[in-house]
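A structural walkthrough
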Amino acid sequence: DTGVSQNPRHKITKRGQNVTFRCDPISEHNRLYWYRQTLGQGPEFLTYFQNEAQLEKSRLLSDRFSAERPKGSFSTLEIQRTEQGDSAMYLCASSLEVTDTQYFGPGTRLTVL
Amino acid sequence: GENVEQHPSTLSVQEGDSAVIKCTYSDSASNYFPWYKQELGKGPQLIIDIRSNVGEKKDQRIAVTLNKTAKHFSLHITETQPEDSAVYFCAPWAGSYQLTFGKGTKLSVIP
């Protein structure tokens with residue numbers, strides 16, 4: 001399968017703990033995006049990478065969130081000191097060019113107790 | 001920023017009937033119009049898209065129509081099947097890096 005993959009698929013954590021998610025984009029896609037989706041809503045943009053450079057961050061991305069794409073391939077999204085409001089589905093997408101279709105992974109469902 | 005509205009928010013149809021979902025957007029610079037299907041517990045999956053130089057595109061039972069003057073585009077599903085039951089999102093794109101999604105339409109196909 002050459003689609004976007006995300007790990008883990010589910011994560012349950014206690015408030016105050018740190019969590020890290022991983023996204024592997026489609027091979028050769030140099031654009032990578034993170035979105036967050038809460039129940040009953042559409043995905044909302046968080047941040048965007050072109051190769052290893054993080055070019056845009058949404059106001060939704062508080063200073064407790066950090067994303068990296070060190071070698072321009074896979075990306076990680078870390079949330080520090082998790083809060084109950086962080087509970088959501090975190091989606092990763094990739095595209096070949098910024099004008100191209102974004103293909104989404106299966107998401108990581110985070111539950112903060 | 002782009003304002004996106006989808007209607008209806010829920011839609012129930014009998015198997016074999018047609019379904020139409022409408023998406024209205026605000027940014028006249030939008031030039032790419034995808035529709036995504038999301039099944040429970042899964043990520044959005046692109047099902048059809050159209051660019052602004054085309055008014056209609058069809059792929060088997062699925063079609064998208066675009067009216068740029070009125071700033072809306074619609075998803076048409078004919079001969080609906082139970083496996084079409086899902087949440088459908090429009091996400092008009094105006095040339096930036098992000099997609100702006102509507103709130104979704106939950107389609108239920110009743111056997």
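Here is what the cut-offs are and how they apply
- Residues numbered from 1 in each chain as written.
- Chains lettered and ligands numbered in written order.
- Predicted model: local features only at pLDDT ≥ 70, side-chain atom pairs only at ≥ 80, totals over all residues.
- Heavy atoms only, no water.
- Core = buried A, V, L, I, M, F, W, Y, C linked by side-chain atoms within 4.5 Å.
- Buried < 20%, exposed > 50% of the residue type's maximum accessible area, 1.4 Å probe, protein only.
- Helix = DSSP H or I, 4+ residues; strand = E, 2+ residues; numbered from the N terminus.
- Contact = heavy atoms within 4.5 Å.
- Buried area = accessible area lost by both parts, 1.4 Å probe.
- Salt bridge = Lys/Arg side-chain N within 4 Å of Asp/Glu carboxyl O.
- Pairing = 2+ DSSP bridges.
- Axes fitted to C-alpha atoms, helices over the stretch in contact; angles between N-to-C directions.

Here we take up the nonpolar core. Residue and element names in this part refer to chain B. If you look at the biggest cluster of nonpolar residues, it comprises 23 residues, and the most contacted ones within it are W35, F73, L75, Y88 and L107. Mapped by element, the contributors of at least two residues to this core are β2 (10–14), β3 (19–25), β4 (32–38), β5 (45–51), β7 (62–67), β8 (72–77), β9 (86–90) and β10 (105–110). Element by element, the count of residues in this core is highest for β3, at 4 residues. Not counting residues up to four positions away in its chain, the partners in contact with L75 are A19, V20, I21, W35, I47, I48, I62, A63 and Y88.

This part takes up the interface of chain A and chain B. Between chain A and chain B, the residue contacts involve 21 residues of the former and 19 residues of the latter. For the pair chain A and chain B, the summed buried area comes to about 1500 Å², and 57% of that belongs to carbon and sulfur atoms. When the buried area of chain A at its contact with chain B is split by residue, P43, T101 and F104 of chain A rank highest and sum to 26% of it. If you look at where chain A meets chain B, you find 0 salt bridges. Elements with a minimum of two residues in the side of chain A that touches chain B: β4 (31–37), β5 (44–50) and β9 (88–95) of chain A. No other element matches the 3 residues that β4 of chain A contributes to the side of chain A that touches chain B.

A few words on the environment of V20 of chain B. All names here are of chain B. Here V20 lies in strand β3. The exposure class assigned to V20 is partly exposed, which follows from its relative accessible area of 43%. V20 sits 36 residues away from E56 along the chain, and the two C-alpha atoms are 14 Å apart.

This part takes up the pattern of salt bridges. All names here are of chain A. Counting across every chain of the model gives 7 salt bridges over all chains. Among the salt bridges present, the one from E83 reaches R64, with a minimum N-O distance of 3.4 Å. Of this pair, E83 sits in the loop between β8 (75–79) and β9 while R64 sits in the loop between β6 (53–57) and β7 (65–68); the two residues are 19 residues apart in sequence, bridging distant segments of the chain. Taking relative accessible area as the criterion, E83 reaches 41% and is therefore assigned partly exposed. Residue classification places R64 among the buried positions, given a relative accessible area of 10%.

This part covers the pairing of β7 of chain B. Residues and elements named next belong to chain B. Examined bridge by bridge, strand β6 (residues 56–59) and β7 share 4 bridges and lie antiparallel to one another. Bridge pairing links E56 to T65 in β7. The turn linking β6 back onto β7 is made up of 2 residues, and Q60 within it adopts a positive phi angle of 55°. As defined by bridge partners, β7 adjoins β8 across 6 bridges and the pair is classed as antiparallel. Bridged to A63 within β8 is H76. Where β7 hands over to β8, the hairpin turn is made up of 4 residues, of which K71 adopts a positive phi near 60°.

Turning our attention to the sheet that holds β9 of chain B. Residues and elements named next belong to chain B. Taken in spatial order, the 5 strands of this open sheet run β2-β10-β9-β4-β5, and their pairing is mixed. Only two strands of the sheet have a single neighbouring strand rather than two, namely β2 and β5. Averaged over all neighbouring strand pairs, the angle between strand axes comes to 20°, with direction disregarded.

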